Amino acid sequence: MASAALPSVGRSEVLSLLRSFLRTTRKFEDYNVREYSKRRTIDAFRQNKDLSPPSAVSAAFSDGESQLEVARRQATVYSLYAPKVKSIMEI
Amino acid sequence: MASKLLSTALRRRSSPLLRSFSTAAAAVAHDSSEPSGISIKGVKIAGRPLYLDMQATSPVDPRVLDAMLPYYLSQFGNPHSRTHLYGWESDAAVELARSQVASLINASPKEIVFTSGATESNNISVKGVMHFYKEKKRHVITTQTEHKCVLDSCRHLQQEGFDVTYLPVNSDGIIDLDTFRSAIRPDTGLVSVMTVNNEIGVIQPMEEIGRICRERNIPFHTDAAQAVGKIPIDVEKMNVSLMSISAHKIYGPKGVGALYMRRRPRIRVEPQMSGGGQERGIRSGTVPTPLVVGMGAACEVAKKEMEYDEKRICKLQERLLSGIRARLDGVVVNGSEERRYAGNLNLSFAYVEGESLLMGLKEVAVSSGSACTSASLEPSYVLRALGVDEDMAHTSIRFGIGRFTTEEEVDRAVELTVRQVEKLREMSPLYEMVKEGIDIKNIQWSQH
């Protein structure tokens, strides 16, 4: 019922979600979290590339949207408390 | 190219406004305003070290922090307050977290008790079970490679008059099942074997031990702090009666853990904390809602990410080990290479002194021995139980790889370790003798 009410998720929505994710994860101040979130996002989208029933696709899409909200909030929190000296991997 | 011409043209103008954008001014500002790196305990490093000590603790996952923050901000109620919204929403959060922890280990939420960490869970299990059954059961079986809190609890029981058998381990760190079987007595009240060792990372044969305990009807406790969320754990398959879980080993907050207590057949313990009867009387005290919510979130994330993390960590471990082995000889992996958790790699470097190796590795956060015992100077008791020579035990380094470790970090760790080991070996007269073919163990040192 809920999935019938949602518009069917097309390629452009998915790509726009991926682009928002990558823009957000670039803002993480912590080297490890930034690399992890970038890598995990790409791998998750790649893994779900061939999901076929539209209900599964829209479920994955809404899961992605809520994860994007988490990432947005946490990018702000991490930047508020960024350490003064960066990780040795970034120097 | 064009930008370089432009910037040199601008710099020639040298107006103070443009000066602020030139790199020369930036360099001057850097030296005066910002400390270049960190200087602490007499050590100077350019930046924060790369973290390869995941067995000591792990960083909090951003998803976990996101779940915890509301309970520090507006939803701060005590979950035991029954009369208002603050209490109800806190209680709902605690129960949700309980079900998240339970589903990770295939248990029922009613079997999970929240504690302050795996140390407290271990104490409740070992001391609590034996005190409850102290009339009939006077014997405990554990291993020599357990965590210090289990060994210390057993020592405490010994002082009270109980008997404890500390099972030896083979040189690969795994207990021998026949030795275990023959150690069982009619009055054995508890068997405690940790699932994944925190120092060497070996995985004990839990299902076989569980089967033996079920046959002889003995409660089986396991300290699964290093195992939960990393390898698949099923309390039904392992036949455990009690399991200790720690949140900060699975990217959760520090200060919270859980104890799984089987309901069928029911295991009873004598509580260590007296109070208002929270957590079914097993552990009184206000349940710390934000920490518990964090632990639940960490368990849920671990369940979703277990397969992905495991594949990645295996690849990283291979990269680390083959990177080091390609450039160094005399590298020994402590503990079984087959039955181990991939994220824990304990290596000994022959002909190198441990303290100096660690002092030279300040840009990599690793540990030698376990965090609990690195304050003392004696070599780790776990390595001694494996039968490792004193000199090799002193030079052991534990690399901990986790969810957030990157390939570049592994490569940098390999580079730094190899460089430091080569530097130390070059200075070592023992290594020179070994290269000339002299057998060190059979030297007759002359007295002066």
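Overview of the structure. (Residues numbered from 1 in each chain as written. Chains lettered and ligands numbered in written order. Predicted model: local features only at pLDDT ≥ 70, side-chain atom pairs only at ≥ 80, totals over all residues. Heavy atoms only, no water.)

### Remarks on the overall build of chain B
Then comes step 1: Within chain B, the regular secondary structure consists of 17 helices and 14 strands.
Then comes step 2: Every one of the 448 residues in chain B was classed for burial, and the buried ones make up 52%.
Then comes step 3: For chain B, the proportion of contacts with a sequence separation of at least 24, taken over those separated by at least 6, is 72%.
Then comes step 4: For chain B, the exposed area adds up to about 21500 Å²; of that, 53% sits on carbon and sulfur atoms. (Helix = DSSP H or I, 4+ residues; strand = E, 2+ residues; numbered from the N terminus. Buried < 20%, exposed > 50% of the residue type's maximum accessible area, 1.4 Å probe, protein only. Contact = heavy atoms within 4.5 Å. Areas by Shrake-Rupley, 256 points an atom, 1.4 Å probe, with all protein chains shown as cover.)

### Comments concerning the overall build of chain A
Then comes step 1: When helices and strands are tallied, chain A shows four helices and zero strands.
Then comes step 2: Going from the N terminus to the C terminus, chain A shows its helices and strands as α-α-α-α.
Then comes step 3: Along the first, second and third principal axes, the C-alpha set of chain A runs to 50 × 20 × 15 Å.
Then comes step 4: Burial statistics for chain A: of 91 residues in total, 32% are counted as buried.
Then comes step 5: A fraction of 73% describes how many contacts in chain A between residues 6 or more apart in sequence connect residues 24 or more apart.
Then comes step 6: Summed over its atoms, the accessible surface of chain A is roughly 5900 Å², and 56% of this surface lies on carbon and sulfur atoms.

### Digging into the packing of aromatic side chains
Then comes step 1: Evaluated as defined, the whole model comprises seven aromatic pairs over all chains.
Then comes step 2: Where Phe28 of chain A meets Tyr78 of chain A, the ring centres are 5.6 Å apart and the plane angle is 85°; that geometry is what we call edge-to-face. Of this pair, Phe28 of chain A sits in the loop between α2 (11-25) and α3 (31-47) while Tyr78 of chain A sits in helix α4 (residues 54-80), and the two are 50 residues apart along the sequence. When sorted by exposure, Phe28 of chain A lands in the same class as Tyr78 of chain A, which is buried.
Then comes step 3: Between Tyr351 of chain B and Tyr431 of chain B, the ring centres sit 5.6 Å apart and the planes meet at 45°, which makes this aromatic pair tilted. Of this pair, Tyr351 of chain B sits in the loop between β12 (344-349) and α13 (354-360) while Tyr431 of chain B sits in helix α17 (residues 429-435), placing them 80 residues apart in sequence.
Then comes step 4: Taking the relative accessible area as the measure of exposure, Tyr431 of chain B reaches 14% and is therefore buried.
Then comes step 5: Three or more aromatic residues link up through ring pairs in this structure, and these residues are Tyr36 of chain A together with Tyr251 and Phe404 of chain B.
Then comes step 6: For Arg40 of chain A, the ring lying beneath its charged end belongs to Tyr308 of chain B, and the centroid distance is 4.0 Å. (Phe/Tyr/Trp six-rings, centres within 6.5 Å; stacked < 30°, edge-to-face > 60°. Lys NZ or Arg CZ within 6 Å of the ring centre and 35° of its normal.)

### Section: a nonpolar patch on the surface
Then comes step 1: Taken together, the side chains of Tyr351, Leu430 and Trp445 of chain B define a hydrophobic patch exposed on the protein surface, amounting to about 330 Å² of accessible area.
Then comes step 2: Inspection of the secondary structure assignment puts Leu430 of chain B in helix α17. (Patch = residues over 30% accessible without salt bridge, like charges linked within 9 Å, V, L, I, M, F, W, Y side chains within 5 Å. Salt bridge = Lys/Arg side-chain N within 4 Å of Asp/Glu carboxyl O.)

### Focus on the pattern of salt bridges
Then comes step 1: Per the stated rule, a full pass over the model turns up 25 salt bridges over all chains.
Then comes step 2: Across the pair Glu69 of chain A and Arg72 of chain A runs a salt bridge, and its minimum N-O distance is 2.9 Å. With Glu69 of chain A and Arg72 of chain A both in helix α4, this residue pair falls three residues apart, about one helical turn.
Then comes step 3: A relative accessible area of 37% places Glu69 of chain A in the partly exposed class.
Then comes step 4: Of the charged contacts, one joins Arg185 of chain B and Asp163 of chain B as a salt bridge, the two residues approaching to 2.9 Å between their closest N and O atoms. Of the two residues, Arg185 of chain B is situated in the loop between α9 (177-183) and β7 (188-192) and Asp163 of chain B in strand β6 (residues 163-167); the sequence distance between them amounts to 22 residues.
Then comes step 5: Arg185 of chain B gets classed as partly exposed once you look at its relative accessible area, which sits at 33%.

### Some details on the sheet that holds strand β14 (residues 396-400) of chain B
All names here are of chain B.
Then comes step 1: Reading across the sheet, the three strands line up as β11-β12-β14 and stay open at both edges, with antiparallel pairing between neighbours. Every interior strand has two partners, whereas the edge strands, β11 (331-333) and β14, have only one. Each neighbouring strand pair of the sheet contributes to a mean axis angle of 30°, computed without reference to strand direction.
Then comes step 2: Strand direction decides the pairing type here: β12 and β14, joined by five bridges, are antiparallel. Bridge pairing in β14 links Asn346 to Arg398.
Then comes step 3: This element, helix α12 (residues 289-327), spans β11, β12 and β14 of the sheet and lies at about 10° to β12. (Pairing = 2+ DSSP bridges. Axes fitted to C-alpha atoms, helices over the stretch in contact; angles between N-to-C directions.)

### So, the interface of chain A and chain B
Then comes step 1: Between chain A and chain B, the contact holds 21 residues from the first and 25 residues from the second.
Then comes step 2: At the junction of chain A and chain B, the tally comes to two salt bridges.
Then comes step 3: Across the pair Arg73 of chain A and Asp66 of chain B runs a salt bridge, and its minimum N-O distance is 2.7 Å.
Then comes step 4: Our count for the chain A to chain B interface comes out at 12 residue pairs in polar contact (both at pLDDT 80 or more).
Then comes step 5: Elements with a contribution of two residues or more to the side of chain A that touches chain B: α3 and α4 of chain A.
Then comes step 6: Partitioning the side of chain A that touches chain B into residue classes produces 11 nonpolar, four polar and six charged. (Polar contact = N/O pair within 3.5 Å; in protein donor to acceptor, adjacent residues only side chain to side chain. Nonpolar A, V, L, I, M, F, W, Y, C, P; charged D, E, K, R; others polar.)

### Here's the deal with α4 of chain A
Then comes step 1: Between its terminal C-alpha atoms α4 of chain A stretches 39 Å, which fits the 39 Å expected from 27 residues at 1.5 Å a residue.
Then comes step 2: All of the buried residues along α4 of chain A are Ser58, Phe61, Gly64, Leu68, Val70, Ala71, Gln74, Ala75 and Tyr78 of chain A. (Expected span 1.5 Å × (residues − 1).)

### A word on the nonpolar core
Residue and element names in this part refer to chain B.
Then comes step 1: Among the nonpolar cores identified, the biggest contains 93 residues, and Ile105, Phe180, Met243 and Phe349 are the most heavily contacted of them.
Then comes step 2: If sequence neighbours within four positions are ignored, Ile105 has contacts with Ile112, Val228, Ile233, Asp234, Val235, Met243, Ile245 and Tyr260.
Then comes step 3: Val140, Cys154, Leu190 and Leu242 belong to the second-largest nonpolar core, a separate cluster that totals 19 residues. (Core = buried A, V, L, I, M, F, W, Y, C linked by side-chain atoms within 4.5 Å.)

### Topic: the pairing of strand β10 (residues 257-261) of chain B
All names here are of chain B.
Then comes step 1: Among the five residues of β10, five are classified as buried, and the element is accordingly described as predominantly covered.
Then comes step 2: Of the two faces of β10, the one carrying Gly257, Leu259 and Met261 and the one carrying Ala258 and Tyr260 are both buried.
Then comes step 3: Examined bridge by bridge, strand β4 (residues 112-115) and β10 share four bridges and lie antiparallel to one another. Within β10, the position partnered with Val113 by the bridge is Leu259.
Then comes step 4: As defined by bridge partners, strand β9 (residues 242-246) adjoins β10 across five bridges and the pair is classed as antiparallel.

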